[in-house]
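Reading the structure
Read off the chains here:
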Amino acid sequence: MRTAALSTFRKLYGRIEEDLRANDEISIIIENNCNTYSFGGKKKLVLSTTSWIEGKNDFLGVAYLTIGGLSLFLAISFILVYVFKPRPRGDTSYLSWNKHPSGHVN
């Protein structure tokens, strides 16, 4: 088991793969394999539901989807600019120190 970064954390122990209905009974056997009494730690059992992007907090999944969509949009934009208006290779007229103040090149 890896050490958690924060003092309060949750670690996934298992998963219930079938749908549960109201009043269904679940039997759980709890064993104390990692002693927490020496540092005053506590253990709790939490039954939770997850969404299609997993976890109890949707922010991380939404952030990943947003950044991924933005990256895809920028990549397609740069490809279109490169295809329709390419910059000639080795053209030094685009360099700032080669431009004349009047705006045109000899």
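Note that the structure is a prediction, hence the values are computed from the model and not measured. In this convention, every chain numbers its residues from 1, walking through the sequence in written order. Local features in this predicted model are restricted to residues whose pLDDT is 70 or higher, and side-chain atom pairs enter the listing and the counts only when it is 80 or higher, whereas totals over whole chains, interfaces and linings include all residues. Excluded from the side-chain calculations are hydrogens and water; all other atoms, namely the structure's heavy atoms, are used.

1. Notes on the overall build of the chain
- Runs of H or I in DSSP of at least four residues are treated as helices and runs of E of at least two as strands, each being numbered from the N terminus. Counting its secondary structure elements, the chain contains 1 helix and 0 strands.
- Each residue is assigned to one of three classes by its accessible area relative to the maximum for its type, calculated with a 1.4 Å probe on protein chains only: buried under 20%, partly exposed between the two thresholds, exposed over 50%. Scored against the burial criterion, the 106 residues of the chain give a buried share of 2%.
- Using a 1.4 Å probe, the Shrake-Rupley method yields the accessible areas, and only the shown protein chains count as cover for residues. For the chain, the accessible area works out to roughly 11,100 Å², and carbon and sulfur atoms hold 59% of it.

2. Here we look at the UniProt feature "transmembrane region" (unreviewed entry) in the chain
- UniProt positions are given in the numbering used here, feature names are shortened, and annotations may be inferred rather than shown by experiment. Per the UniProt record, "transmembrane region" (unreviewed entry) is found at residues 62–84.
- Across residues 62–84, helical content stands at 100% and strand content at 0%; the span's end C-alpha atoms are separated by 33 Å.

3. Examining the environment of Ser71
- You can see Ser71 is positioned in helix α1 (residues 59–84).
- Throughout this description, a polar contact denotes any pair of N or O atoms lying within 3.5 Å of each other; where both atoms belong to protein, one of them has to be capable of donating a hydrogen while the other can accept it, and for residues adjacent in sequence the pair is counted only when both atoms sit in side chains. At 2.9 Å, the side chain of Ser71 forms a polar contact with the backbone oxygen of Ile67.

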